[in-house]
Amino acid sequence: MAATASWQPQEEGFNSICALLQHQISPSSDKSQIWQQLQHFSNFPDFNNYLVFILARAEGQSVEVRQAAGLLLKNNLRTAFSSMTSASQLYIKSELLPCLGAADRHIRSTAGTIISVLVQLAGVSGWPELLQALANCLESNDLNHMEGAMDALSKKFLSPFLFEICEDVPQVLDSDVPGLVERPINLFLPKLFQFFQSPHASLRKLSLSSVNQYIMLMPAALFASMDQYLQGLFVLAHDSAAEVRKLVCAAFVQLIEVNPSFLEPHLRNVIEYMLQVNKDSDDEVALEACEFWSAYCDAQLPLENLREFLPRLIPILLSNMAYADDDESLAETEDDESLPDRDQDLKPRFHSSRFHGSDNADDDDDDIVNVWNLRKCSAAGLDVLSNVFGDEILPTMMPIVQRYHHPGFFSLPDSHPPPPIVHLFLGQVAKLSTTDDGTWKEREAAVLALGAVAEGCINGLYPHLSEIVAFIIPLLDDKFPLIKSISCWTLSRFSRFIVQGIDNQKGSERFDKVLMGLLRRILDTNKRVQEAACSAFATLEEEAAEELAPRLEVILQHLMCAFGKYQRRNLRIVYDAIATLADAVGERLNQPTYLEILMPPLIAKWQQLSNSDKDIFPLLECFTSIAQALGAGFSQFAEPVFQRCINIIQTQQLAKATFIGSSYITYGITAIDPASAGVQYDKEFIVCSLDLLSGLAEGLGSGIESLVAQSSLRDLLLQCCMDDDAPDVRQSAFALLGDLARVCPVHLHPRLSDFLNVAAKQLNTSKVKETVSVANNACWAIGELAVKVRQEVSPIVLTVISCLVPILQHAEELNKSLVENSSITLGRLAWVSPEIVSVHMEHFMQSWCTALSMIRDDIEKEDAFRGLCAMVRANPSGALSSLVYMCKAIASWHEIRSEELHNEVCQVLHGYKQMLRNGAWEQCMSALEPPVKDKLSKYQV
């Protein structure tokens, strides 16, 4: 096999590769054996020539085999194209271009995908024939050629599959290309606009899809052609093809997100159109139209433009919130708790690495619906509208539910007619009070609607929340599982109200009814209800916190009963509920009665799972919260948990070393010998184990010292801190480093300089924005080490300071927690090495004091101010030019609880008052706002 300009395949090689590809697409094939054979063929330099030949010319083979060849070629080109001979590159390109007009759409699509990879790798300028071929296809009268060209265009410049090229698209389209008279964007856009009026629905769809790909990028040519584009959209708005109408809706949504001014002259007509298609008979069109309302609100356009349409919009949203007859969720209504979950039922889970700071809150999705559909989008739209328009939308909802109103159900004196919100309430609860099977979908949608507006309309709903909650509670025991599940969710949306009233008898009874109702549903026989109940209970836990303590026994009994009967998917949610409970009640969990219920099942599961079983991840996370809550009470369980974390980290680091040592890449195929690796490397095992060790350090405190002393943790941790390939591993490693520095710094001493140097390396200005969470934890760990080892940090002080100062000077551009930790660590370094830091203080005092003034009162802030006082003592003149900022930082304290620090701050202020004579001190004070001066008065200045 040799690659030449007139390359031809050898029959034996061609037949062998085709046979191998045929085996590859067979469901019963031995993938390992096929991989070995592909590896053998990939050693030949013209293997990729064979693959493109099979895709382009092997008409005697099945389309599936030809596609398989194309997909393998695509993957190989990603790593091998640059090292291929120019002859092979030219051959592959020349064979791909005719495929754009292939009779089979699968071949056309696969060729377009490969072309997009080549453009991503080598650009367009080196392949002018491509653009000319695409242009020729668009000029052709052959439908296949035109479809192939537009399919390639849409892929080449913004396929979801090829996200990496998106940012380069404007330059590619709107730049000069050798061999072309005009820029590509000027060549293609007019042709695509022409196809908007094609008699072929497929061409209308592809042309509109191609132009839509550029909306977010908005190259100059499209901006200049916006009127023509909008006129095209208006023409296609009522297209007979649903896919085209869907693309029109998508275009309007994207335009209002990118530049609302494009639509402002046509806004009334666009809103009218969206109202119409939000009721389209095709659910996908209606779904795309429904996205418009949230996009409109996010675009901050005048609300008046939408307000007048609310009486028509709200009913449409409410109508679309009822389950459709073909909704896949309707199949999830059986008693299915005993059915094992399939692997495909398990959603990918992602562990969030430990983060030390104030703004790493998880973006929890409290919606129990997993599939995005018209129902969910309508509920989300109603939620957004309620947050924008507030109680205004409630009267608009009234006519929709009025027909369910029973006049005698709730009444007011004739002299006090009910306001619109009461009408709404009457209609909703009346709807909920009906029990006939034929209206269950409407009842379910009514509960969903109440949950959707729970946040935005809380003021209007508040006087009636007692009644609303009272009517939802019985629905937890409804005969229809989907009503039970949505009732769990809606009650969770009112968690704050449910908890707030717990201090009075009525409110306490209501809380217990909700709690017991959710606990019953946690033990439901339907998996979907189990999931909804667990998620709702976790939300209630977060609101109730210590209020759960008197009810711990019954809660734990229900949770551990669920733990014993749940399948794998929902078991993860039980772990989360247990962890949230531990976080909520803290040390109150540390009672023998509670531990006897909680720990034996968890330990049994811990012993059952292997170190390479991914089901151990949520258990590790659960143990982390329990260890933190129990504190020293966890010591009876600590040794085996600690040792297993060490074993998991060791195993994974060995697996990684084996992976790197035994893998090699040839034409995009990675060879790994599973036997030599032992287990497959997965960094998440390391991250979860590191975080559990942090939890142990936080919970046990100095009690962890004996475990650390007898282990190899120090060296393993240093290796994790140096793992340049995995930022999340480094993030958790530096969190653990800081936690260990707090409780047993003596065991870090032998490698202290290594830890300090690698931590300082993470603060390199050029890398901070790329891995801000790593930098944040490394910064915090340096500060924790500094206050423990004191002068031993001296060698890296200036290096760290040189990295922290730019962070403070660009605070508005960076993560809030990183700025806070930078200011604290700088202060801690100044506290332990004032003679080093104070020399440079005039360069950072202003930005540092500004950052200090934003920090909440705590022990870390005290350390930072000890550093401030130490620096001022060492170099008083260094802060003179920033004295106003320093006074504001001091005034940011609500109360300095440390009497010693309070006295030090007093001395600093009085020292400057004595230093600044002849009215200079008074001038400084006059620059301060009255509230700041008032707060400084406690220091007698």
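Just so it is clear, the structure is predicted and the values come from calculations on it, not from any experiment.

Parameters and conventions
- Residues numbered from 1 in each chain as written.
- Predicted model: local features only at pLDDT ≥ 70, side-chain atom pairs only at ≥ 80, totals over all residues.
- Heavy atoms only, no water.
- Helix = DSSP H or I, 4+ residues; strand = E, 2+ residues; numbered from the N terminus.
- Buried < 20%, exposed > 50% of the residue type's maximum accessible area, 1.4 Å probe, protein only.
- Contact = heavy atoms within 4.5 Å.
- Areas by Shrake-Rupley, 256 points an atom, 1.4 Å probe, with all protein chains shown as cover.
- Expected span 1.5 Å × (residues − 1).
- Bend = angle between axes of the 7 residues up to and from the residue.
- pLDDT = per-residue confidence, 0-100.
- Phe/Tyr/Trp six-rings, centres within 6.5 Å; stacked < 30°, edge-to-face > 60°.
- Lys NZ or Arg CZ within 6 Å of the ring centre and 35° of its normal.
- Core = buried A, V, L, I, M, F, W, Y, C linked by side-chain atoms within 4.5 Å.
- Salt bridge = Lys/Arg side-chain N within 4 Å of Asp/Glu carboxyl O.
- Axes fitted to C-alpha atoms, helices over the stretch in contact; angles between N-to-C directions.
- Parallel < 35°, antiparallel > 145°, perpendicular 65-115°, else oblique.
- Nonpolar A, V, L, I, M, F, W, Y, C, P; charged D, E, K, R; others polar.

**Points about the overall build of the protein chain**
Thought 1: For the protein chain, the count of helices and strands is 50 helices and two strands.
Thought 2: Counting over 941 residues, the protein chain shows a buried share of 56%.
Thought 3: For the protein chain, the proportion of contacts with a sequence separation of at least 24, taken over those separated by at least 6, is 76%.
Thought 4: Roughly 40,200 Å² of accessible area belongs to the protein chain as shown, and the carbon and sulfur atoms make up 50% of that amount.

**With respect to unusual backbone geometry**
Thought 1: One non-glycine residue, alanine 545, adopts positive backbone phi at about 50°.
Thought 2: Turning to its location among the elements, alanine 545 is positioned in the loop between helix 28 (527–544) and helix 29 (552–565).
Thought 3: Among the residues examined, alanine 545 registers a relative accessible area of 18% and is labelled buried.
Thought 4: The backbone of asparagine 918 sits at a positive phi, close to 55°, despite the residue not being glycine.
Thought 5: In this fold, asparagine 918 is placed in the loop between helix 48 (899–915) and helix 49 (920–926).
Thought 6: The exposure class of asparagine 918 is exposed, given its relative accessible area of 84%.

**Digging into helix 42 (residues 794–809)**
An α-helix turns once every 3.6 residues. As a result, residues three or four positions apart point the same way.
Thought 1: Relative to the 22 Å expected for 16 residues at 1.5 Å per residue, helix 42 spans 23 Å between its end C-alpha atoms, a close match to the ideal helical length.
Thought 2: A bend of about 25° at valine 800 is the largest found in helix 42.
Thought 3: Among the residues of helix 42, Ile796, Val797, Val800, Ile801, Cys803, Leu804, Val805, Ile807 and Leu808 are the ones counted as buried.

**Looking at helix 48**
Thought 1: For helix 48, spanning 17 residues, the distance from its first C-alpha to its last is 24 Å, which sits close to the expected 24 Å at 1.5 Å a residue.
Thought 2: Burial in helix 48 covers these residues: Leu901, Glu904, Val905, Cys906, Val908, Leu909 and Tyr912.
Thought 3: Lining the buried residues of helix 48 we find helix 46 (859–874), helix 47 (883–891), helix 49 and helix 50 (930–936).

**Side note on the confidence of the model for the protein chain**
Thought 1: For the protein chain, the average pLDDT comes to 84, and 84% of its residues sit at 70 or higher.
Thought 2: Across residues 360–369, confidence stays below pLDDT 50; counting only partners more than four residues off in sequence or on other chains, it has 14 contacts.
Thought 3: This model gives residues 401–422 a pLDDT under 50, and the stretch forms 28 contacts once residues within four places in sequence are excluded.

**Considering the packing of aromatic side chains**
Ring pairs (aromatic) are described by centroid distance and by the angle formed between their planes.
Thought 1: In the structure shown here, the tally under the stated rule is 23 aromatic pairs.
Thought 2: Arranged with centres 6.0 Å apart and planes meeting at 75°, the rings of phenylalanine 844 and tryptophan 848 form a pair that is edge-to-face.
Thought 3: Take phenylalanine 844: its relative accessible area is 2%, and that puts it in the buried class.
Thought 4: One aromatic cluster in this structure is built from Trp7, Phe14, Tyr50, Phe53 and Tyr91.
Thought 5: Sitting over the face of the ring of tyrosine 323, arginine 375 holds its NZ or CZ atom 3.9 Å from the ring centroid.
Thought 6: Taking the ring centre of tryptophan 831 as reference, the NZ or CZ of arginine 790 above it sits at 4.5 Å.

**Observations concerning the nonpolar core**
Thought 1: With 260 residues, the main nonpolar core has Tyr229, Met274, Leu602, Ile626, Phe634 and Met886 as its most contacted residues.
Thought 2: Not counting the four nearest positions on each side in its chain, isoleucine 626 is found in contact with Ile578, Ala582, Leu598, Met599, Leu602 and Phe634.
Thought 3: Judged by nonpolar contacts, the second largest core, of 46 residues, contains Leu55, Val65, Ile114 and Leu131.

**Details of the environment of lysine 191**
Thought 1: You can see lysine 191 is positioned in helix 10 (residues 184–195).
Thought 2: Counting along the chain gives 16 residues from lysine 191 to serine 207, while the straight-line C-alpha distance between them is 8.6 Å.

**Points about the pattern of salt bridges**
Opposite charge on two side chains permits pairing when their charged atoms draw close.
Thought 1: With the rule as written, the count across this model stands at 39 salt bridges.
Thought 2: When the shortest N-O distance is used, the salt bridge between aspartate 383 and arginine 493 registers 3.3 Å. With aspartate 383 in helix 19 (residues 374–389) and arginine 493 in helix 25 (residues 481–493), this pair connects stretches of sequence that are 110 residues apart.
Thought 3: According to the relative accessible area criterion, aspartate 383 is partly exposed, its value standing at 22%.

**Observations regarding the packing of helix 4 (residues 63–80) against helix 6 (residues 105–122)**
Thought 1: Where helix 4 meets helix 6, the closest approach of the two axes is 10 Å, and the angle between their N-to-C directions is 5°. The orientation of helix 4 with respect to helix 6, classified from their angle, is roughly parallel. Contacts between helix 4 and helix 6 involve Val63, Arg66, Gln67, Gly70, Leu71, Leu73, Lys74, Leu77 and Arg78 on the former and, on the latter, His106, Ile107, Thr110, Thr113, Ile114, Val117, Leu118, Gln120 and Leu121.

**Some remarks on the environment of lysine 376**
Thought 1: Among the secondary structure elements, lysine 376 is positioned in helix 19.
Thought 2: Overall, lysine 376 belongs to the buried group, its relative accessible area being 10%.
Thought 3: For the pair lysine 376 and asparagine 320, spaced 56 residues apart in the sequence, the C-alpha separation amounts to 8.9 Å.

**What about the packing of helix 1 (residues 11–24) against helix 4?**
Thought 1: At a minimum axis separation of 9 Å, helix 1 and helix 4 run at an interaxial angle of 95°. Regarding the angle of helix 1 to helix 4, the classification is roughly perpendicular. Seen from helix 1, the contacting residues are Cys18, Leu21, Gln22 and Gln24; seen from helix 4, they are Val65, Ala68, Ala69 and Leu72.
Thought 2: Across the contact of helix 1 with helix 4, the residue classes tally to six nonpolar, two polar and no charged.

**Here's the deal with the environment of aspartate 176**
Thought 1: As for its placement among the helices and strands, aspartate 176 is situated in the loop between helix 9 (169–173) and helix 10.
Thought 2: Judged by its relative accessible area of 61%, aspartate 176 is exposed.

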